[in-house]
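Read off the chains here:
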Amino acid sequence: MQLADAAARAEVLRREIERHNHAYYVLDRPTLPDAEYDRLFRELQAIEVAHPQLLTADSPTQRVGGKPLDGFSPVRHAVPMLSIRTETDTEASGALAFDARIRRELGFGESDPAVEYAAELKFDGLAINLRYEQGLLVQAATRGDGETGEEVTQNIRTVRQIPLRLSGKVPELLEVRGEAYMSRADFERYNERQRAQGKPALVNPRNGAAGSVRQLDPALCAARPLSFYAYGLGDIAGWDLPTSHADVLDALAAFGLPVCEHRAVVRGGEGLVEFHARIRELRDTLPFDIDGVVYKVNSLALQQRLGFVTREPRWAVAHKYPAEEMLTTVEAIEVQVGRTGAITPVARLAPVFVGGVTVTNATLHNEIEARRKDVRVGDTVIVRRAGDVIPEVVSVVLERRPKRDLLGDEPLHPPFELPRLCPVCGSAVERPEDEAIARCTGGLICPAQRKQALLHFAGRRAMDIEGLGDKLVEQLVDNAIVKTPADLYKLGLLAMASLERMAEKSAANLLAAIDRSRQTTLARFIFALGIRNVGEATAKDLARFFGSLDALMQAGMDRLQQVPDVGPVVAASIARFFAEPHNVEVIEQLRAAGVHWIEGEAAAVVSSPISGKTFVLTGSLPTLSRDEAKDMIEALGGKVAGSVSKKTDYVVAGFDAGTKLEKAQALGLAILDEIQFRELIGQ
Ligand code: IVH
């Protein structure tokens, strides 16, 4: 290619790729399939390699191009980066007080109109100043002390939501201020990966974001993905400034900058109160943490009239919500034994109200994590519960650790150690070299595993034995009445009614439910067995593929791996399960007790518009329960998966859909509401 042609082509590719980045990362509306995007990206890379003189700073290939730095250079802010006053009264009164103060300071009387406010979210990350000259991103800096920050341009370039070049008619100089943050999904994903490798996890998304921005090696920053929302301006030149803050935000969005959609222009204290309440409802379902909302007087002229007190503008306030991190104390550390024997250390806590619920337990995830955090009995700890994530211990407040005596340094309690024997059955606990999770080796000998296995067996999506819950299983196992699922079918009224708090009528109901469960489907039965790594979807695949239990039991590793979505790990779990004589015996007993299904029934594949398609359900649908939707999909030959991936064909999203929806949007998947879903399946 001639240099001139190459230059022209490179320019076209850059625009195209950045346009797609914007559609994908800012608007959540992908315009190209991934493969096509990759092709354009590689074409541009090839041109730049062949003609290095064509490489530009704003090329999308250069987002993670920089070399590790020795340190960050100081940047003096042209316009100081201020902070906002915080209203700690988390009730409606906090918003009313702000409105009253603004009116007073403006000299407004009762007859004056309501003040207009721009209301937005208070993002929980760190403030960044982006400097665009002639539309090109030339510098990114942290807030620092407000006067001087640190230059973090290389790292900020890895944030794909941030345009390297603004679009439209751009000002000569535009400094944009906003928050770099880590989404909950990116935080969880990063931590899961770290924990699986026995490496340190991030404490919370805010620390994750701060740590990421301050990585000297931009490649490390890129591995901890950040997001960004613009919320204000710094220095500007050559631009007709709009007259209100809301218009400024709209203008920033038009330049291609990410601006959060949850913003509103409201009137008076009432409007603020409503916004505060509306966002509080939404808080758990947002894909990122917020610790409050921010109110700003909308008119820039009024903002100027109000001015500043020291470092804070009079025209803005942050109105908080109850914290998602709180202090409490550890009363005990216990371990839980799961259905597959996984041993999870759990901290028992003095009850604390955090993230909208009272928390009494928090997971410590695994032995390595518990040791690293060094949580001990008696410790004061920070507990976090955000969104729908299970509560966890963030860190220990070491200064408050109880000491053995007043003068010495020696802690009262020793470091946590995972028991070497299962606390429930006394079998050995083992942790494979390369895994973070330790397991009880007792299998179904272990009452804890037995209880979990029975609960799983009786579960609604398995054998569906109504009324066989926690308490009952506990009694049945503890009194040695039931050892295996097969024993359930031998239960008589007498044994049942002898149990504590068991009325004769409920005993009879339960026996009837057990009896009903004898008639089932092959897929449910396979799922009910609780084979490690065999969830409901895999159980269905297996039933469909083999058509009979005997065929499945006799299948070797090779044959098992012919089943769609069954790889070596799952195949090995299945083979191991059926190689265990004890398991085969239980299956024989179940059959002898009259458990049956119509062999081959599941093999009949239905042909429908959705057969073979994978769905993910998230949030609550207006009229369908999750199980109903699932049954409808499966009846038509579709599959329902628990998590969103590139392999998902459709995501059916209802009210309060959380991170799954966010992920689906990021992946550009087809997202349906209930009506569209019903249309798809021809209802
Ligand atoms: S405006 C002059 N808007 O909160 C006002 N700040 O103490 C300058 N923050 O460091 C800030 N969300 O990092 C503004 N919607 C929002 C914000 C926000 C989060 C952070 C920001 C700043 C701190 C204020």
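Since this is a predicted model, take the numbers as computed values, not measurements.

**Student:** So what's going on with the overall build of the protein chain? Residues and values would help.
**Tutor:** A tally of helices and strands in the protein chain yields 25 helices and 24 strands. If you line up the protein chain on its principal axes, its C-alpha atoms span 85 × 75 × 55 Å. With 683 residues in all, the protein chain has 47% of them scored as buried. Partitioning the contacts of the protein chain with sequence separation of at least 6, the portion at a separation of at least 24 is 67%. Only carbon and sulfur atoms are counted for the fraction: they give 52% of the accessible area of the protein chain, which is about 32,400 Å². Positive and negative charge centroids in the protein chain, built from 82 and 94 side chains respectively, lie 1 Å apart.

**Student:** Run through helix H2 (residues 34-50), naming residues and quoting values.
**Tutor:** Side chains of residues three or four places apart in an α-helix project in the same direction, reflecting 3.6 residues per turn. Over its 17 residues, H2 extends 24 Å from the first C-alpha to the last, a length consistent with the 24 Å expected when each residue adds 1.5 Å. Listed in full, the buried residues belonging to H2 are Tyr-37, Leu-40, Leu-44, Ile-47 and Glu-48. Across the axial projection of H2, the buried residues extend over an arc of 100°, all falling on one side. Away from its buried face by more than 90 degrees, H2 exposes Ala-35, Arg-42, Val-49 and Ala-50.

**Student:** Tell me about the sheet that holds strand E5 (residues 136-142), and name the residues and values.
**Tutor:** Pairing within the open sheet is antiparallel, and its four strands lie in the order E5-E4-E7-E8. Single-partner strands in this sheet number two, and they are E5 and strand E8 (227-237). The average undirected angle you get between the axes of adjacent strands in this sheet is 25°. With six bridges connecting them, strand E4 (residues 126-133) and E5 associate as antiparallel partners. If you follow Ile-128 over to E5, its bridge partner there is Thr-142. Sheet strands in contact with helix H6 (residues 205-213) are E4, E5 and strand E7 (173-181), and its direction is about 40° off that of E4. Sheet strands touched by helix H8 (residues 245-254): E7 and E8. Its angle to E8, the strand with the most contacts, is close to 110°.

**Student:** Hey, could you go over the packing of aromatic side chains for me, with residue numbers and the actual values?
**Tutor:** Remark: the centre distance and the inter-plane angle together describe each pair of aromatic rings, the angle taken between the planes. In total, this model carries 17 aromatic pairs according to the counting rule given. Taking the centre distance of 5.7 Å and the plane angle of 45° together, the rings of Phe-98 and Tyr-117 count as tilted. With a gap of 19 residues between them, Phe-98 in helix H3 (residues 92-105) and Tyr-117 in strand E3 (residues 116-123) connect regions that are remote in the sequence. Exposure class is identical for Phe-98 and Tyr-117. Each is buried. With 5.6 Å between their ring centres and 65° between their planes, Tyr-229 and Phe-288 make a pair best called edge-to-face.

**Student:** With reference to specific residues and values, describe the site of the ligand.
**Tutor:** As a structural note, the neighbourhood of the ligand is formed by 15 residues, with Ile-84, Glu-120, Leu-121, Glu-179 and Tyr-231 the closest of them. Interatomic distance of 3.3 Å between a side-chain N/O atom of Lys-122 and an oxygen atom of the ligand. Looking at the shell around the ligand, the elements with two or more residues in it are E3 and strand E10 (290-297). A per-element tally of the shell around the ligand places E3 first, with four residues. Each residue belonging to the shell around the ligand can be placed in one class, and the counts come to nine nonpolar, one polar and five charged.

**Student:** Any chance you could break down helix H16 (residues 504-516) for me, citing the residues and the numbers?
**Tutor:** Taking 1.5 Å of rise per residue, the 13 residues of H16 would be expected to cover 18 Å, and the 18 Å separating its terminal C-alpha atoms lies within 8% of that figure. Among all positions in H16, only Ala-507, Leu-510, Leu-511, Ala-513 and Ile-514 are buried. Summarising the axial view, the buried residues of H16 lie within an arc of 160°, below the 170-degree limit, and thus occupy one face. Looking at H16, the residues exposed on the side facing more than 90 degrees away from the buried face are Lys-505 and Arg-516. Here the buried face of H16 lies against helix H13 (470-478), helix H14 (485-488) and helix H15 (493-497).

**Student:** Pulling in residues and values, what's your account of the environment of Leu-173?
**Tutor:** Its place among the elements puts Leu-173 in strand E7. On the accessibility criterion, Leu-173 (10% relative accessible area) is buried. C-alpha of Leu-173 to C-alpha of Lys-122: the two residues are 51 residues apart in sequence and 26 Å apart in space. Residues contacting Leu-173, with those up to four places away along its chain left out, are Arg-131, Tyr-132, Glu-133, Asp-235, Ile-236 and Ala-237.

**Student:** Describe in detail the sheet that holds strand E13 (residues 316-320), supporting the description with residues and values.
**Tutor:** Taken together, the five strands give an open sheet; going across it, the order is E2-E13-E10-E3-E9, and neighbouring strands pair in mixed fashion. Looking at which strands have only one partner, the edges of the open sheet turn out to be strand E2 (85-87) and strand E9 (264-267). Looking at each pair of strands side by side, their axes are set apart by 35° on average, direction ignored. Bridge analysis of E10 against E13 gives five bridges, and the strand direction is antiparallel. Note that in E13 the partner of Val-293 across the bridge is His-319. Running over the sheet, H3 touches E2, E3, E10 and E13 and is turned about 170° from E13. Contacting E3, E9, E10 and E13, helix H9 (residues 268-282) runs over the sheet at an angle of about 140° to E9.

**Student:** Break down the nonpolar core for me, with residues and values.
**Tutor:** Among the nonpolar cores identified, the biggest contains 55 residues, and Ile-465, Leu-488, Tyr-489 and Leu-542 are the most heavily contacted of them. Here the element with the most residues in this core is helix H17 (residues 522-528); it accounts for six residues. Sequence-distant contacts of Leu-542, that is, excluding residues within four places in its chain, are made with Ile-526, Val-534, Gly-547, Leu-552, Leu-560, Val-563, Val-566 and Ile-574. Of all hydrophobic cores here, the second largest spans 33 residues; its members include Tyr-132, Ile-156, Val-159 and Leu-166.

**Student:** Please provide a residue-by-residue account of the side chain of Arg-518, values included.
**Tutor:** For Arg-518, the position within the fold is in the loop between H16 and H17. A polar contact is formed between the side chain of Arg-518 and the side chain of Asp-515, at a distance of 2.6 Å. Here the side chain of Arg-518 touches Ala-593 through a polar contact of 2.6 Å, landing on its backbone oxygen.

**Student:** Could you give me a rundown of the pattern of salt bridges, with the residues and numbers involved?
**Tutor:** Any two side chains of opposite charge can pair, given that their charged atoms come close. This structure, assessed with the given rule, holds 53 salt bridges. Of the charged contacts in the structure, one is a salt bridge between Asp-379 and Arg-401, with a shortest N-O distance of 2.7 Å. Of the two residues, Asp-379 is situated in the loop between helix H11 (367-373) and strand E17 (380-384) and Arg-401 in the loop between strand E18 (392-396) and strand E19 (429-430); the sequence distance between them amounts to 22 residues. Across the pair, Arg-401 and Asp-379 agree in class, each one buried. Measuring nitrogen to oxygen at the nearest pair gives 3.1 Å for the salt bridge that ties Lys-451 to Asp-478. Here Lys-451, found in helix H12 (residues 447-458), pairs with Asp-478, found in helix H13; they are 27 residues apart in sequence, far enough to count as distant. By relative accessible area, Lys-451 is classed as buried at 16%.

**Student:** Describe the state of the cysteines, with residues and values.
**Tutor:** The tally for this structure, following the rule as stated, stands at zero disulfides. Cys-440 takes part in no disulfide bond, and the closest cysteine sulfur, belonging to Cys-425, lies 3.6 Å away. For Cys-440, a relative accessible area of 5% puts it in the buried group.

**Student:** Please set out unusual backbone geometry residue by residue, giving values where relevant.
**Tutor:** A positive phi is found at Asp-374, a non-glycine position, where the angle reads about 50°. Locating Asp-374 in the fold gives a position in the loop between H11 and E17. Phi is positive for Asp-565, which is not a glycine, with a value near 70°. Mapping Asp-565 onto the fold places it in the loop between helix H20 (557-560) and helix H21 (568-579).

The rules behind these values
- Residues numbered from 1 in each chain as written.
- Predicted model: local features only at pLDDT ≥ 70, side-chain atom pairs only at ≥ 80, totals over all residues.
- Heavy atoms only, no water.
- Helix = DSSP H or I, 4+ residues; strand = E, 2+ residues; numbered from the N terminus.
- Buried < 20%, exposed > 50% of the residue type's maximum accessible area, 1.4 Å probe, protein only.
- Contact = heavy atoms within 4.5 Å.
- Areas by Shrake-Rupley, 256 points an atom, 1.4 Å probe, with all protein chains shown as cover.
- Lys, Arg positive; Asp, Glu negative; His and termini not counted.
- Charge placed at Lys NZ, Arg CZ, Asp CG, Glu CD.
- Expected span 1.5 Å × (residues − 1).
- Arc of directions from axis to C-beta.
- Pairing = 2+ DSSP bridges.
- Axes fitted to C-alpha atoms, helices over the stretch in contact; angles between N-to-C directions.
- Phe/Tyr/Trp six-rings, centres within 6.5 Å; stacked < 30°, edge-to-face > 60°.
- Near = heavy atom within 4 Å.
- Polar contact = N/O pair within 3.5 Å; in protein donor to acceptor, adjacent residues only side chain to side chain.
- Nonpolar A, V, L, I, M, F, W, Y, C, P; charged D, E, K, R; others polar.
- Core = buried A, V, L, I, M, F, W, Y, C linked by side-chain atoms within 4.5 Å.
- Salt bridge = Lys/Arg side-chain N within 4 Å of Asp/Glu carboxyl O.
- Disulfide = S-S within 2.5 Å.

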